[in-house]
There are 2 protein chains.
Amino acid sequence: MRALFFDGKLKFTAEHPRPERSDQEACVAVSLAGICATDIEIVKGYMGFRGILGHEFVGKVLESGRSELVGKRVVGEINCPCGSCELCRRGLGNHCPERSVLGIKNRDGAFAEYLVLPDKNLHLVPDTVSDRDAVFSELLAAACRAFEQANIREGEQVAVLGDGRLGLLIAAVFIAHGVEITVIGKHGEKLAIAHGWGARTELIPGDPRDLRADIVVDATGSASGLAYAMEMVRPGGRIVMKTTIAAPHALSLAPLVVNEITLIGSRCGSFDHALALLAGKRVGVGALISAEYPLERAEEAFKRAGSGGALKVLFDISGHHTG
Amino acid sequence: MRALFFDGKLKFTAEHPRPERSDQEACVAVSLAGICATDIEIVKGYMGFRGILGHEFVGKVLESGRSELVGKRVVGEINCPCGSCELCRRGLGNHCPERSVLGIKNRDGAFAEYLVLPDKNLHLVPDTVSDRDAVFSELLAAACRAFEQANIREGEQVAVLGDGRLGLLIAAVFIAHGVEITVIGKHGEKLAIAHGWGARTELIPGDPRDLRADIVVDATGSASGLAYAMEMVRPGGRIVMKTTIAAPHALSLAPLVVNEITLIGSRCGSFDHALALLAGKRVGVGALISAEYPLERAEEAFKRAGSGGALKVLFDISGHHTG
């Protein structure tokens, strides 16, 4: 099959062996797949992964032991826990230390004609949700998680720091739930999208103390985001942290203690929540698609995805399934 | 009056003017006062404060507009908010940007024969609580705050990192509330105190992953405490952060996001909670007193308080009131 393989370098191949499924797994023919910041990090060599990249996808089930899945359009959760360790038994499978993760850890991913995931990871895509909407499910679920963890109380003011794809989706989820929100970012044309959805927007730099909020979501993806968020958030407030910076960087958390701020680490979220928002047309993700490429043009696609101006770059793999 | 004044250097003086009280303030004759880590930081020049040091005290009300206070033994909350700003109106007076803080910011402190605080900051000390117990109220209240913010659920495991005075008091509060706790520290003789109260204890260094807990309280006071806590805490767990390090230091918060940890900044707490624990003899703070000095021997007292082996060092000011 055709696939995008990473072994220190990104390589397109038309001759990759098709993945084998085990008893409780399904084989999915991928239709669309999205490039995520994590993929870009992997290609830069930060994660140690070797294999087929990609974890945001929508596709059609080709084979599964569950006959009700076969032929259906699906999206899928990316964490595949062991099911038996202490964390799995406590319902924290997403944190299982033995888990494989689609296109990220010990499991080939979605930048290929076919992928394999456990049956129980799959979610049926409602008929009213297009492929181009459904491919955002994984990222939108992560945005929903930020909303759920923020746990907003009446009258609290919310700001999202960062106008990238995740920041905008987080804003969309808050707006879909009737929350007034301010999006703070560096890109006028990206902020314009949030403004179109009903958000207040602010171009940085500004004085963070002029932009006070009870809850700040840091989706900047940059090391300076948290310091800015700590200056912005009101004493007693909460910061939901989406930014992952692996390398140590200089930081003082003294304001966190002095101002009694709570910092909430936030990762993957609920596909059910995300699919319900998409099915109800409550978030408009279409505006976030910057470009679509075939797998063969991977280098170009990654370059575009990594550029400052781009939002979501997709691989269109539909209609190319060669078996 | 006799007082310990800091103007870049620590100076004992027998001739300091007695503080004047305003209408809604009380003048308190100090009996005992404790040296806190913040005092040591101020003397090192970190906080920019000039004036009489000290914020942990017990004393007797000499003058007040509230006649029911006069002659009574009291302890006092150290934050004096403006009462009219947005944060004060929202009940967050402890975070009022205009507040003065006893012995820390814009208000002379407790290392003197007399101090002045707003009437409403004072709490009566129950007859069953000795001066040597009551002087711990402010620090014990901060420990109670860690317990309250931890918000423990059935079956969760709790660890306290740090065996200094605050770490031990935090352990005492958890134990008083029936929580099994592990205290992790560097000093065998300090851990022995916690062990005597019923805590499990562990000498570091050890592998933090062998010491898993759902809730970790960082009371190390050192920059390395948080990294250790992030390795110890289970995914989905919580870290209550008591350590304040003003200078930026190298740190990666990636584990916080990946493992969805919540980091809770924690500062001052409830005097009512602390006094109730002391009145019920539910925490034994006496074991934490390392030494007592008269104000004249301040240099010696600060040296002792700053040494690794010491817990709480007190100034005994009772019986010296000269008016």
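Residues numbered from 1 in each chain as written. Chains lettered and ligands numbered in written order. Predicted model: local features only at pLDDT ≥ 70, side-chain atom pairs only at ≥ 80, totals over all residues. Heavy atoms only, no water.

Some remarks on the pattern of salt bridges
On inspection of all chains with the given rule, the structure shows 36 salt bridges over all chains. Of the charged contacts in the structure, one is a salt bridge between Arg200 of chain A and Glu180 of chain A, with a shortest N-O distance of 3.3 Å. One end of the pair, Arg200 of chain A, is in strand S13 (residues 200–203); the other, Glu180 of chain A, is in the loop between helix H5 (165–176) and strand S12 (181–185), with 20 residues separating them in the sequence. Owing to a relative accessible area of 41%, Arg200 of chain A belongs among the partly exposed residues under this scheme. Between Glu156 of chain B and Arg238 of chain B there is a salt bridge, with the nearest N and O atoms lying 2.8 Å from each other. Of this pair, Glu156 of chain B sits in the loop between helix H4 (137–150) and strand S11 (158–161) while Arg238 of chain B sits in strand S15 (residues 233–241), and the two are 82 residues apart along the sequence. Each of the two residues, Glu156 of chain B as well as Arg238 of chain B, counts as buried. Members of the salt-bridge network, linked through shared partners, are Glu86 and Arg90 of chain A together with Asp214 and Arg234 of chain B. (Salt bridge = Lys/Arg side-chain N within 4 Å of Asp/Glu carboxyl O. Helix = DSSP H or I, 4+ residues; strand = E, 2+ residues; numbered from the N terminus. Buried < 20%, exposed > 50% of the residue type's maximum accessible area, 1.4 Å probe, protein only.)

As for the sheet that holds strand S2 (residues 10–13) of chain A
Residue and element names in this part refer to chain A. Across the sheet, which stays open at both edges, the three strands sit in the order S2-S1-S4 with antiparallel pairing between neighbours. Either end of the sheet is taken by a strand with one partner, and the two such strands are S2 and strand S4 (51–52). For strand S1 (residues 3–6) and S2, the ladder comprises four bridges, and the chain directions are antiparallel. The residue bridging Leu4 from the neighbouring strand is Phe12, located in S2. (Pairing = 2+ DSSP bridges.)

Points about the confidence of the model for chain A
When the pLDDT values of chain A are averaged, the result is 93; 98% of them are 70 or greater. Under the prediction, the complex receives an ipTM of 0.88, its pTM being 0.90. (pLDDT = per-residue confidence, 0-100.)

Some remarks on the state of the cysteines
Per the counting criterion, the structure on display carries zero disulfides over all chains. Here Cys88 of chain A stays free of any disulfide, with the sulfur of Cys85 of chain A as its closest cysteine sulfur at 3.7 Å. Cys268 of chain B carries a free sulfur, and the closest cysteine sulfur to it, the one in Cys36 of chain B, is 9.8 Å from it. (Disulfide = S-S within 2.5 Å.)

Re the interface of chain B and chain A
Taken together, the contact pairs 38 residues of chain B with 38 residues of chain A. Here chain B meets chain A over a buried area of about 3,000 Å², counting both sides, of which 58% is carbon and sulfur. At the junction of chain B with chain A, the criterion picks out six salt bridges. When the shortest N-O distance is used, the salt bridge between Glu86 of chain A and Arg234 of chain B registers 3.3 Å. Run the count over chain B and chain A and you get 16 residue pairs in polar contact (both at pLDDT 80 or more). When contributions to the side of chain B that touches chain A are tallied by element, the ones reaching two or more residues are helix H2 (86–89), H4, S15, strand S16 (249–251), helix H8 (254–258) and strand S17 (262–265) of chain B. Of the residues that constitute the side of chain B that touches chain A, the class distribution is 20 nonpolar, 10 polar and eight charged. Here strand S17 (residues 262–265) of chain A runs beside S17 of chain B; their pairing, made up of three bridges, is antiparallel. By the bridge assignment, Ile264 of chain A is partnered in S17 of chain B with Thr262 of chain B. (Contact = heavy atoms within 4.5 Å. Buried area = accessible area lost by both parts, 1.4 Å probe. Polar contact = N/O pair within 3.5 Å; in protein donor to acceptor, adjacent residues only side chain to side chain. Nonpolar A, V, L, I, M, F, W, Y, C, P; charged D, E, K, R; others polar.)

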